[in-house]
Amino acid sequence: MLSRLPFIPQQASTVAADVDGLFFFLVAVSTFFALLIAVMVVYFAIRYRRRSASDRPHAIEGALGLELLWTIIPFGLAMVMFFWSANVYTRLERPPDNAMQVFVVGKQWMWKVQHMEGVREINALHVPVGRPVKLTMTSEDVIHSFYVPAFRIKQDVLPGRYTTAWFQATQAGTYHLFCAEYCGTMHSGMIGWVTVMEPADYEAWLSGGKTGAQSLASAGEQLFQQLGCVTCHRDDGQGRGPSLVHLPGKTVKLQDGQTVVADDAYLRESILSSQAKIVAGYQPIMPTFKGLVSEEGLLQLIAYIKTLGGPEGGGGATTASATTSTEGH
Ligand code: CUA
């Protein structure tokens, strides 16, 4: 119903109605109190105006009931806002485990999208309806922001780290994709379309685009050979570098005694700033690959490493991707 109001974008994701409900609640509370205060200011200014030069007001001794009333009501309202917002926020921040992965690289001035199956698109994103989609995003240059109003998602896309966003589309259709962070001359042109398709149509689209396309992981495997990673990171653990089998999601012991979880950010840092974190028991001999691998190449390498399996005994490959753990490069 709310989506029929002017200026309100269509609700096309599972969280859209919740975000709108919260938004209208906040607007309603703010409007109510703004009007209440404005009316009281005018009313009291007239009611208690100075009527003559000798006019003296009565002394006021305080009113406990009133004090309690205007303390408890706002406190209650603030708590409702807090828990309601926290609930919506955590839903927005936590992609479901069964979400399909899509990778996004922002650059001046376009959105580059890679699917796990290897299909690539520019300024377009095709997804099936009714399936959670997790976006892992990074930027080649400056800060951009991935914004799809109909899904009520907006996430900054930062150079040098991975951020994530997720949505589950509820209706087939095409929806505007914007860049919502001023990023240079052509910022306003950094737009595109998200196409939500029925699952069968999506499969057809995917296989149509796949001809000749290599899956992300196999492109990563090829890079792994080309860059020579394979000579040290041998599967049998006998190489000069640690084996990467069962690495993603594992807790890694470092030389300085600290531990780190091998998430996307850790894998990325280990490729680009190989000296930043040295695995216990190994020498700091790995060269840096900064400038040698593109952001898309990094995503391919990470996708390949994930095919080597998650931590042993811990189920499948985890896709933990920290958004905040890449400080200190
Ligand atoms: Cu990219 Cu604005």
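Residues numbered from 1 in each chain as written. Predicted model: local features only at pLDDT ≥ 70, side-chain atom pairs only at ≥ 80, totals over all residues. Heavy atoms only, no water.

Engineer: Outline the overall build of the chain, supporting the account with residue identities and numerical values.
Structural biologist: Helices and strands together make up the secondary structure of the chain, namely seven helices and twelve strands. Against the globule reference of 20 Å for 329 residues, the chain gives a C-alpha radius of gyration of 27 Å, more extended than a compact globule. With respect to the three principal axes, the spread of C-alpha positions in the chain is 95 × 50 × 45 Å. In the chain, the share of contacts with a sequence separation of at least 24, taken over all contacts with a separation of at least 6, comes to 67%. On the chain, roughly 18300 Å² of surface is accessible, and the fraction owed to carbon and sulfur atoms is 61%. Once the 25 positive and 27 negative side-chain charges of the chain are each reduced to a mean point, those two points are 7 Å apart. (Helix = DSSP H or I, 4+ residues; strand = E, 2+ residues; numbered from the N terminus. Rg over C-alpha atoms; globule rule 2.2 N^0.38 Å. Contact = heavy atoms within 4.5 Å. Areas by Shrake-Rupley, 256 points an atom, 1.4 Å probe, with all protein chains shown as cover. Lys, Arg positive; Asp, Glu negative; His and termini not counted. Charge placed at Lys NZ, Arg CZ, Asp CG, Glu CD.)

Engineer: Summarise the domain arrangement of the chain; cite the residues concerned and give the values.
Structural biologist: For the chain, the assigned domains read domain 1 (100-209) and domain 2 (216-307). Between domain 1 and domain 2, the C-alpha centre-to-centre distance is 26 Å. The partner domain 2 presents twelve residues to the 17 residues of domain 1 that form the contact. In total, about 1200 Å² of surface goes out of reach between domain 1 and domain 2, with carbon and sulfur atoms giving 56% of it. Counting the surface domain 1 buries against domain 2, the share from its top three residues, Phe103, Gln114 and Tyr162, is 45%. Glu296 is the partner of Lys112 in a salt bridge, and the nearest nitrogen-oxygen pair spans 3.2 Å. One can count four residue pairs in polar contact (both at pLDDT 80 or more) joining domain 1 with domain 2. Mapped by element, the contributors of at least two residues to the side of domain 1 that touches domain 2 are β1 (100-107), β2 (110-115) and β5 (132-139). Broken down by class, the residue content of the side of domain 1 that touches domain 2 amounts to four nonpolar, eight polar and five charged. (Domains from an automatic or database assignment. Buried area = accessible area lost by both parts, 1.4 Å probe. Salt bridge = Lys/Arg side-chain N within 4 Å of Asp/Glu carboxyl O. Polar contact = N/O pair within 3.5 Å; in protein donor to acceptor, adjacent residues only side chain to side chain. Nonpolar A, V, L, I, M, F, W, Y, C, P; charged D, E, K, R; others polar.)

Engineer: Describe the pairing of β1, listing the residues and the values that go with them.
Structural biologist: A large share of β1 lies buried, amounting to seven of its eight residues. When β1 meets β5, the two strands line up parallel, connected through seven bridges. Paired with Met100 across the bridge in β5 is Val133. When β1 meets β2, the two strands line up antiparallel, connected through six bridges. Note that in β2 the partner of Val102 across the bridge is His115. (Buried < 20%, exposed > 50% of the residue type's maximum accessible area, 1.4 Å probe, protein only. Pairing = 2+ DSSP bridges.)

Engineer: Can you explain the pairing of strand β9 (residues 173-179)? Please cite residues and give values.
Structural biologist: Where strand β6 (residues 144-148) and β9 come together, two bridges link them in antiparallel fashion. Looking at the pairing, Tyr147 lines up with Phe178 of β9. Sheet topology places β9 next to strand β10 (residues 192-197); five bridges connect them, and they run antiparallel. Across the sheet, residue Tyr175 finds its bridge partner in β10, namely Val194.

Engineer: Account for the packing of aromatic side chains, naming residues and giving values.
Structural biologist: Taken as a whole and judged by the stated rule, the model has twelve aromatic pairs. With 5.3 Å between their ring centres and 75° between their planes, Phe23 and Phe24 make a pair best called edge-to-face. With a centroid separation of 5.4 Å and 55° between ring planes, the pair formed by Phe151 and Tyr175 is classed as tilted. Here Phe151 is found in the loop between β6 and β7 (153-157), whereas its partner Tyr175 is found in strand β9, with 24 residues between them in sequence. Across the pair, exposure class does not vary: Phe151 and Tyr175 are buried alike. Lys154 extends its terminal NZ or CZ atom over the ring of Tyr147, reaching a point 4.6 Å from the ring centre. If you follow Arg268 out to its NZ or CZ, it ends over the ring of Tyr162, 5.5 Å from the centre. (Phe/Tyr/Trp six-rings, centres within 6.5 Å; stacked < 30°, edge-to-face > 60°. Lys NZ or Arg CZ within 6 Å of the ring centre and 35° of its normal.)

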